[in-house]
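As a plain string of letters, each chain reads:
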Amino acid sequence: MNINILDNERLGQLRTLIDEAHHIVICAHKSPDGDAMGSSLAWKSYLKQIGKDDVSVCVPDAFPDFLQWLPGSNEVLRYDKRADDVRKAFENADLVCCLDFNQSMRVEDMQPLLDESKAKRLLIDHHLEPDTNNRLTISHPELSSTSEIVFSLIWQLGGYEGMTRDCARCIYCGMMTDTGGFAYNSTRPEIYFIITQLLEKKVDKDKIYNRVYHNYSSHAMKLRGHLILNKLEVVEQLHASYFVVTKEEMKRFKFIKGDLEGLVNIPLQIKGLKLSISLREDTDKPNTVLVSLRSANGFHCQPMATRFFNGGGHADAAGGKLHCSIDEAGQIALKAILAYKDELR
Ligand code: 5GP
Ligand code: MN
């Protein structure tokens, strides 16, 4: 099976970029998820494998508790905790690799460091509409995950044989989380060819599933139940739903990062539902609401994320942000649903 994604010319460009780099920063988006973390750590592992000594993974803020087991995650530099170290890494870098995000604003507080960096930039991503002011842009929205892209690049660069089990585990985690455990975005046979190769590296796939998906506290489980029971608003005629989560509720149920990850997908289990929106008050920034959108059954939520929620993303998994109260955010969600009533009906 052919999983190569670069033609010879671009493969040569990638090789040259890597060969010429000695101080490398890998950065990922705010609130890094399984794919952002998995792909970044796997790419670092490959660069180390080929002899690059100075490689730092830098992220804007915390990653969820259920990813703490990822090999190498303890060395990740968080900008909210270690701004000086991150700044130094960017200043010394001759290559910055942007993984799992399309536009520099997605690194939020780290954006000035990225924009002002003199280093060459390599983008490896699978979101729509990537920035193109990179030395090399490897953008594949048709692929499951950035982790899948990273595997294909390592494969094409001849690094599979030397790939460590830990690197394979990171890639598996990213592919698994971005496909909801291979439930969506996972029809292409190439994905299972890659999984076969990862299993050859002795990836403990069942254990990874458990670590990621069976990691709730009892409080988190009850928060999720509360939201579904008491907060879910379903607009039956328009096959759409939304729910809002307040700071008070998060406090009451002892919320920690990751507790609500994936909850936005659950309403799509309602037969025929086309759109699910989650709106959650930001615990760090006042008057800020974090928005997640998911779509199914032929409706695509990405344009809505751009038009109503200052965001974007993939066709069926998008997000954004509002600067208003949580009540106003709920009203905006309803307005957005009504604006798309012809497509949702
Ligand atoms: P999630 O709902 O898991 O936070 O995000 C789903 C997808 O939406 C992400 O993979 C990302 O592509 C996109 N996304 C989330 N938040 C934002 C945002 O604030 N701005 C943009 N442009 N995209 C976002
Ligand atoms: Mn991703």
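The protein goes by Bifunctional oligoribonuclease/PAP phosphatase NrnA in an unreviewed UniProt entry, where it is assigned to Prevotella brunnea.

Asks: Sorry, what's going on with the sheet that holds strand S1 (residues 23-27) here?
Replies: By way of backbone hydrogen bonds, the strands of a sheet pair with one another, either parallel or antiparallel. Judged by pairing direction, the sheet is parallel, and its 6 strands sit side by side in the order S3-S2-S1-S4-S5-S6 without closing on themselves. Of all strands in the sheet, those bounded by a partner on one side alone are strand S3 (77-78) and strand S6 (136-139). Summarising the sheet, strand S2 (residues 54-59) and S3 pair through 2 bridges and their orientation is parallel. Residue pairing across strands places Val 59 opposite Arg 78, the latter belonging to S3. Relative to S2, helix H2 (residues 34-49) is tilted by about 175°, and along the sheet it contacts S1, S2, strand S4 (95-99) and strand S5 (120-125). Strands S4, S5 and S6 of the sheet are contacted by helix H5 (residues 146-156), whose axis makes an angle of about 115° with S5.

Asks: It is not clear to me how the packing of helix H11 (residues 302-309) against helix H12 (residues 326-339) should be interpreted in this structure. Could you clarify?
Replies: Packed helices, taken two at a time, are described by the angle between their axes plus the distance between the axes. Contact geometry for H11 and H12: axes closest at 11 Å, N-to-C directions at 130°. One finds that H11 runs oblique with respect to H12. The crossing of H11 and H12 is right-handed. Here Met 304, Arg 307, Phe 308 and Phe 309 of H11 lie close against H12, whose contacting residues are Ile 332, Ala 333, Lys 335, Ala 336, Ile 337 and Ala 339. Considering only residue class, the contact of H11 with H12 consists of 8 nonpolar, no polar and 2 charged.

Asks: Teacher, can you tell me more about the UniProt feature "domain: DHHA1" (unreviewed entry) in the protein here?
Replies: Here, UniProt's "domain: DHHA1" (unreviewed entry) annotation points to residues 253-324. The distance separating the terminal C-alpha atoms of residues 253-324 is 23 Å; by composition the span is 11% helix and 31% strand.

Asks: I tried to follow the pattern of salt bridges on my own but got confused; where do I start?
Replies: Oppositely charged side chains are able to pair whenever their charged atoms sit close together. Under the criterion given, the structure shown has 17 salt bridges. Asp 61 serves as the salt-bridge partner of Lys 30, at 3.4 Å between the closest nitrogen and oxygen. Of this pair, Lys 30 sits in the loop between S1 and H2 while Asp 61 is found in the loop between S2 and S3, placing the two residues 31 residues apart along the sequence. Between Asp 85 and Arg 82 there is a salt bridge, and its shortest N-O distance comes to 2.9 Å.

Asks: It is not clear to me how the coordination of the manganese ion (ligand 2) should be interpreted in this structure. Could you clarify?
Replies: Ideal coordination angles are 109.5 degrees for a metal with four donors arranged tetrahedrally and 90 or 180 degrees for a metal with six donors arranged octahedrally. Asp 35 (OD), Asp 100 (OD), His 126 (NE2) and Asp 178 (OD) make up the full set of protein donors to the manganese ion (ligand 2), lying at 2.2 to 2.3 Å. Within one chain, the residues serving as donors to the manganese ion (ligand 2) are arranged as D-x64-D-x25-H-x51-D. Taken as a pair, Asp 35 in helix H2 and Asp 178 in helix H6 (residues 165-178) lie far apart in primary sequence, 143 residues in all. Judged by its relative accessible area of 0%, Asp 35 falls in the buried class.

What counts and what doesn't
- Residues numbered from 1 in each chain as written.
- Chains lettered and ligands numbered in written order.
- Predicted model: local features only at pLDDT ≥ 70, side-chain atom pairs only at ≥ 80, totals over all residues.
- Heavy atoms only, no water.
- Pairing = 2+ DSSP bridges.
- Helix = DSSP H or I, 4+ residues; strand = E, 2+ residues; numbered from the N terminus.
- Contact = heavy atoms within 4.5 Å.
- Axes fitted to C-alpha atoms, helices over the stretch in contact; angles between N-to-C directions.
- Parallel < 35°, antiparallel > 145°, perpendicular 65-115°, else oblique.
- Left-handed = near helix turned anticlockwise from the far one by under 90°.
- Nonpolar A, V, L, I, M, F, W, Y, C, P; charged D, E, K, R; others polar.
- UniProt positions renumbered as here; feature names shortened; annotations may be inferred.
- Salt bridge = Lys/Arg side-chain N within 4 Å of Asp/Glu carboxyl O.
- Donors = N, O, S within 2.8 Å, 3.2 Å for Na, K, Ca; no water.
- Buried < 20%, exposed > 50% of the residue type's maximum accessible area, 1.4 Å probe, protein only.

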